[in-house]
Amino acid sequence: MAGNADHAVDYAAGMLMAPTSLADWLIVAPSLITIIGGASLVMLRYQAKWHGYLSCLYLAALVIVDALLLSRVMAEGPITMTMGRWLPPFGITLVVDALGGLMALIAAIVALAVCVYSLADISVTSTRFGFYPALLWMMTGITGSFLTGDIFNLYVWFEVMLISSFGLLIVDGERIQLDGAMKYAVLNLMATTLFLVTTGYLYGAVGSLNMADIAMRLRAMPEGAAPMGTIATLYLLAFSMKAAAFPVNFWLPASYHTPKIVVSAIFAGLLTKVGVYALIRTLVLVMPEGRDLLSDLIAWIAALTMIVGAIGALAQNDVRRTFGFLVVGGIGSSMVGVAVGTQDAITGAILYAVNSILVMTALYLAFGILMRKNGGKYNLSDLGGGYKASSWLSILFLALVFAASGLPPFSGFWPKMVLVESSLKEGYGWLAFSILLSGFITTIAMGRVWAHAFWRGGPIGTPDGRDAAPLYTLSEIVRRRVFVPVVALVAMIVYIGVYPSPVFSVSQYGAATLLKPDQYFDAVFGPVKEQKKERSEALAAEGHSLNDAKEHGTTQKSEGAH
């Protein structure tokens, strides 16, 4: 149907008219890199030998882009881009603030480390079955979750992440992998379904899906005008299931030990942290009234999650299941920050999430090296001789034990100190005690693993290791591929422990943005206000010109009549 020139459409009423700067396109670059990267690998399915190298190249580009985004946020404040140039809140808005930028950068670094390690661990068959495209597309979902400003779009990224993770879980098609995938899939699908239903409930109550718009509307509503207690509780349940918090944590230790060690590493490092991130984003930024109502319940969930995770780790003989329970315990520590709710507490929660991403990924990868040396053994009773086989590996693993336990001078010490201090300040002495108790039990559990795997000479029954079978020696190329990522992650853990100021500053800024979100709101709606102001001024000037023209015409008529 042809347009009518007499009835021109005023696009300024519904769309952003200002041109998008080149720097703003960086916001969509992370998603484009991983989506296009995964698609290109699918097209190169029969060139499997290039998949790993190309994936590392794509993930290195992702690290660079995320680093540029975070540096810009720290210099300028939160940055946004609305898809299709629709005016917020109608268009899907991507928002990069300090919290999202930091989480996206750490996630990209960990994914790159796992990808480098996978060059020695993933077979050609697994590559042809789609390991690397699934890895890149899972990073699409993870990064998108960290950078979206739309709560329904967060659900969409969850689904992208979950579908890709299902593929990674069953990439080899082994029976134990299918069993673990079923346990993983059922509860996670229940969590995402509950997330979707709750989002529909929230939309019905507030009338918006944009996080900034929802937060502003809720703050303007009279108290009790919307059922925020119910909605916040449903979100708490959905994201607790995703994060594996007590009492819906049983699926994680039952599934994370079944896939290849590189898959377990990235799952342990990233997937549950997306649940924690979503919990922080929704309850602290979007609906603080709901967080206030649920603070005591969240505190109890956090304490029980920490204690159950630590005791579960101590009770295991399978080291991979031990690590699974450590992941659960770490989720409890991050939830302490949500429960307490102060800026220091939220800062501690963000710091602990960063620490857990690095430590848990490195632990799985380091243990994977030992498994390569001992022929694939993972039960404590079958381990031993690790120090004799590789003194460097034993030192790296011991550093990770200290970091996981929250001991100095490693990255795990600072978040636990901040969380204990903030808990005591707000009268949660019992919660501070739970943090310290879980750390003590974790130290025993992880010390037990290190003693059995490295300090002991051989498996149970071996007198001082004299009769133990020698561990395998790795080739030079395999050694480089597996040790380089572990050394890099441990170096980051030590650096943050010794010099925490940079990460602490970013985390503190992220917490401040969540609790006092004026900058966040301005980033989302600032261009809208500016455009409306310019449009009003233009209309006023146009109206003034018309009045002048009419007056000028009237004057001319009067002179002609005269």
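An account of the accompanying structure is given in this report. Values in this document were obtained by computation on a predicted structure and should not be read as measured data.

As a further point, take the overall build of the chain. If you tally the helices and strands in the chain, you get 20 helices and 2 strands. Here the chain, with 562 residues, has 56% of them falling under the buried criterion. Put simply, of all contacts in the chain between residues at least 6 apart along the chain, 81% involve residues at least 24 apart. Surface exposure of the chain reaches about 23,100 Å², of which carbon and sulfur atoms provide 65%.

You can see T199 is positioned in helix α7 (residues 175-206). You can call T199 buried: its relative accessible area is 3%. From its side chain, T199 meets the backbone oxygen of F195 in a polar contact 2.8 Å long. There is a polar contact of 3.0 Å between the side chain of T199 and the side chain of Y235.

What follows is about the packing of aromatic side chains. In this structure the tally under the stated criterion is 26 aromatic pairs. Judged by centre distance (4.9 Å) and plane angle (90 degrees), the rings of F131 and Y132 are edge-to-face. The buried category is assigned to Y132, whose relative accessible area is 3%. Among the aromatic side chains, those forming a connected cluster through ring pairs are F323, Y364, F367, F397, W450, F454 and W455. Over the ring of Y378 we find R320; its NZ or CZ atom is 3.7 Å from the centre of that ring.

The next subject is the environment of V319. Tracing the chain through its elements places V319 in helix α12 (residues 319-340). The residues contacting V319, other than those within four sequence positions of it, are F367, Y378, L380, L383 and V449.

Counting 185 residues, the largest nonpolar core has I142, M287, F323, L363 and F397 as the members making the most contacts within it. At 20 residues, helix α13 (residues 343-374) tops the list of elements feeding residues into this core. Contacts of I142, omitting those with residues within four sequence positions, involve A107, M161, L270, L271 and V274.

With that out of the way, let us pick up the pattern of salt bridges. Pairing of side chains with opposite charge becomes possible as their charged atoms draw close. Counted by the stated rule, this structure contains 7 salt bridges. In this structure, R281 engages D97 in a salt bridge whose closest nitrogen and oxygen atoms are separated by 2.7 Å. Residue R281 is located in helix α10 (residues 261-286), and its partner D97 is located in the loop between β2 (93-96) and α3 (98-118); the two are separated by 184 residues in the primary sequence. You can call R281 buried: its relative accessible area is 2%.

A disulfide bridge is the covalent bond that connects two cysteines by way of their sulfur atoms. Under the counting rule described, the total for this entry stands at 0 disulfides. The thiol of C56 is unpaired, and the distance to the nearest cysteine sulfur, on C115, comes to 3.1 Å. Judged by relative accessible area, C56 falls into the buried class, the value being 12%. On the basis of relative accessibility, which here comes to 0%, the residue C115 falls in the buried class.

Once that is clear, we can look at the packing of helix α11 (residues 288-314) against helix α17 (residues 429-455). Direction vectors running N to C along α11 and α17 enclose 15 degrees, while the axes themselves pass 8 Å from each other. Taken as axis vectors, α11 and α17 run roughly parallel relative to one another. Note that α11 runs across α17; the crossing there is left-handed. Two secondary-structure elements touch here, α11 through A299, W300, A303, M306, I307, A310, I311, A313 and L314 and α17 through W430, L431, S434, I435, L437, S438, I441, T442, I444, A445 and R448.

Further remarks concern α10. Helix length check: α10 (26 residues) gives 37 Å between terminal C-alpha atoms against 38 Å at 1.5 Å per residue, within 8%. Along α10, the helix axis deviates most sharply at F267, where the bend reaches about 35 degrees. Extensive coverage of α10 is indicated by the burial of 26 of its 26 residues.

What follows deals with the pairing of strand β1 (residues 79-82). Side chains I79 and M81 project from β1 onto one buried face, and the interleaved T80 and T82 project onto a second face that is buried too. As paired elements, β1 and β2 share 4 bridges and run antiparallel to each other. Pairing of T82 across the sheet is with T93, part of β2.

In this model α13 runs 46 Å from its N-terminal to its C-terminal C-alpha over 32 residues, within 8% of the 46 Å that 1.5 Å per residue would give. In terms of burial, α13 is largely enclosed, as 29 of its 32 residues are buried. The positive-phi residue at the C-terminal boundary of α13 is G375, with phi of around 85 degrees.

With that out of the way, let us pick up a nonpolar patch on the surface. On the surface, L314, F433, L437, F440 and I444 cluster together into a nonpolar patch covering about 460 Å² of accessible area. Relative to the helices and strands, F433 resides in helix α17. For F433, a relative accessible area of 53% corresponds to the exposed category.

With that settled, the discussion passes to the packing of helix α6 (residues 151-169) against helix α9 (residues 228-243). At a minimum axis separation of 14 Å, α6 and α9 run at an interaxial angle of 25 degrees. Taken together, the axes of α6 and α9 lie roughly parallel to each other. Crossing handedness for the pair α6 and α9: left-handed. Across the interface between the two elements, I151, F158, M161 and L162 from α6 touch Y235, F239 and K242 from α9. Looking at the contact of α6 with α9, its residues break down into 6 nonpolar, no polar and 1 charged.

Next up on the list: unusual backbone geometry. Omega for the peptide link from F246 to P247 comes to 0 degrees, which places this bond in the cis form. Within the secondary structure, P247 sits in the loop between α9 and α10. Note the cis peptide between P408 and P409, where omega equals 5 degrees. Mapped onto the elements, P409 comes out in the loop between α15 (391-405) and α16 (413-425). A positive phi is found at A244, a non-glycine position, where the angle reads about 65 degrees. Following the sequence through the fold, A244 ends up in the loop between α9 and α10. For A244, a relative accessible area of 0% translates into the label buried.

Here we take up the environment of V263. Tracing the sequence through the fold places V263 in helix α10. Here V263 is in contact with F131 and L168, once residues within four sequence places are set aside.

Parameters at a glance
Residues numbered from 1 in each chain as written. Predicted model: local features only at pLDDT ≥ 70, side-chain atom pairs only at ≥ 80, totals over all residues. Heavy atoms only, no water. Helix = DSSP H or I, 4+ residues; strand = E, 2+ residues; numbered from the N terminus. Buried < 20%, exposed > 50% of the residue type's maximum accessible area, 1.4 Å probe, protein only. Contact = heavy atoms within 4.5 Å. Areas by Shrake-Rupley, 256 points an atom, 1.4 Å probe, with all protein chains shown as cover. Polar contact = N/O pair within 3.5 Å; in protein donor to acceptor, adjacent residues only side chain to side chain. Phe/Tyr/Trp six-rings, centres within 6.5 Å; stacked < 30°, edge-to-face > 60°. Lys NZ or Arg CZ within 6 Å of the ring centre and 35° of its normal. Core = buried A, V, L, I, M, F, W, Y, C linked by side-chain atoms within 4.5 Å. Salt bridge = Lys/Arg side-chain N within 4 Å of Asp/Glu carboxyl O. Disulfide = S-S within 2.5 Å. Axes fitted to C-alpha atoms, helices over the stretch in contact; angles between N-to-C directions. Parallel < 35°, antiparallel > 145°, perpendicular 65-115°, else oblique. Left-handed = near helix turned anticlockwise from the far one by under 90°. Expected span 1.5 Å × (residues − 1). Bend = angle between axes of the 7 residues up to and from the residue. Pairing = 2+ DSSP bridges. Patch = residues over 30% accessible without salt bridge, like charges linked within 9 Å, V, L, I, M, F, W, Y side chains within 5 Å. Nonpolar A, V, L, I, M, F, W, Y, C, P; charged D, E, K, R; others polar.

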